[in-house]
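Architecture and fold: a report
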Amino acid sequence: MEIRTHNSNINFTSRKIPRFIYHFTNQNSYQKMCQDGFIKTTDCDMYLKGEGVFMVDWTNFCKRWGYDKSWGEKGTTLQESLIRTAAKWIQAFIKGKNELVILKIPTEKLKRSKLVIRSQQKFFDVKENDKNFNSLSDNLKEHLSGFTPATEYKTFAKRKEAVEFIYKEDIPINITEKIGETINIPEFRATTKYNRENPVKSILKKCLKGLNEAKSLRFIQKKVEDTPPNFSQVH
């Protein structure tokens, strides 16, 4: 079956957004993506209008998805929560659910009109403080609902905010690249190479050994304490 890509004349060569964005998943889900031919959108958000595929910029993920007052400066970071959402940290009944897979996606292959961004600081400020969505400003409601174009990424990055990318359409798997080593997280956590003070860095260091992405791991902070903040949803 031929799979058409989104390689149109409209791209992001102006570098308003990164050349590549990244999607975290597990081996079981990745195998299904390969069978289906797509990373399929999901509907798992109380604010987002419609469904999406959730991704990150690598440098922003390493620098800004750590500790922040919006979701708690101590405890589990958004980095760890995202990886825990992608791959189980305790032995799963279904084979492959424990195995972390990272997919690298070139933004030039995506449709400009379908790629949006959201600030995690804004998301968690509303979510954690139980703010009434209808009482928010129109601009903030539109932002949380997924109407901020990805071309505004640099504005949020300069404010040192954690930014998620959302693609509002299935992504053909044949434009993605599976990078690094597939890591069985429970097995790796039982080894001496697992660092409990900086679990995310040690996992990704093992996964990305020898790759350019490994250079940004120096920005990932150590764990502050073991008590996680009270949040349950990260994309």
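Overview of the structure. This structure is a prediction, so every number in the text was calculated from the model and none was measured.

Reading the values: rules and limits
- Residues numbered from 1 in each chain as written.
- Predicted model: local features only at pLDDT ≥ 70, side-chain atom pairs only at ≥ 80, totals over all residues.
- Heavy atoms only, no water.
- Phe/Tyr/Trp six-rings, centres within 6.5 Å; stacked < 30°, edge-to-face > 60°.
- Helix = DSSP H or I, 4+ residues; strand = E, 2+ residues; numbered from the N terminus.
- Buried < 20%, exposed > 50% of the residue type's maximum accessible area, 1.4 Å probe, protein only.
- Contact = heavy atoms within 4.5 Å.
- Salt bridge = Lys/Arg side-chain N within 4 Å of Asp/Glu carboxyl O.

In the structure shown here, the tally under the stated rule is eleven aromatic pairs. Ring geometry for Phe24 against Trp58: centres 6.0 Å apart, planes inclined by 20°, an arrangement best described as stacked. Separated by 34 residues along the polypeptide, Phe24 in strand β1 (residues 20-26) and Trp58 in helix α2 (residues 58-64) bring together distant segments of the chain. As far as the burial class goes, Phe24 and Trp58 line up, both buried. Taking the centre distance of 5.8 Å and the plane angle of 65° together, the rings of Trp71 and Phe124 count as edge-to-face. Residue Trp71 is located in the loop between α2 and α3 (78-86), and its partner Phe124 is located in helix α4 (residues 120-128); the two are separated by 53 residues in the primary sequence. Phe124 carries the same exposure label as Trp71, and that label is buried.

Let us look at the environment of Thr25. Looking at the element boundaries, Thr25 is found in strand β1. When the C-alpha atoms of Thr25 and Leu103 are compared, they prove to be 7.9 Å apart, with 78 residues separating the residues in sequence. With residues near it in sequence (within four places) discarded, Thr25 still touches Tyr30, Met33, Ala86, Glu99, Leu100, Val101 and Leu103.

Within the span of helix α8 (residues 199-207), buried status applies to Pro199, Val200, Ser202, Ile203, Leu204 and Cys207. Buried residues along α8 sit in contact with β1, α2, α3, β4 (99-106), β8 (177-184) and α7 (185-189).

As a further point, take the pattern of salt bridges. Inspection of the entire model under this criterion finds eleven salt bridges. Here Lys122 ties to Glu161 by a salt bridge, and the two come within 3.4 Å at their closest N and O atoms. With Lys122 in helix α4 and Glu161 in the loop between α6 (153-158) and β6 (163-167), the pair connects residues that are 39 residues apart, well separated along the chain. Here Glu161 makes a salt bridge to Arg159, at a shortest N to O gap of 2.8 Å. Residue class for Glu161 comes out buried when judged on its relative accessible area of 8%. Arg159 sits in the partly exposed class, given a relative accessible area of 44%. One connected set of salt bridges, linked through shared partners, spans Lys122, Arg159 and Glu161.

So far we have only geometry, and geometry alone does not tell us how the molecule works.
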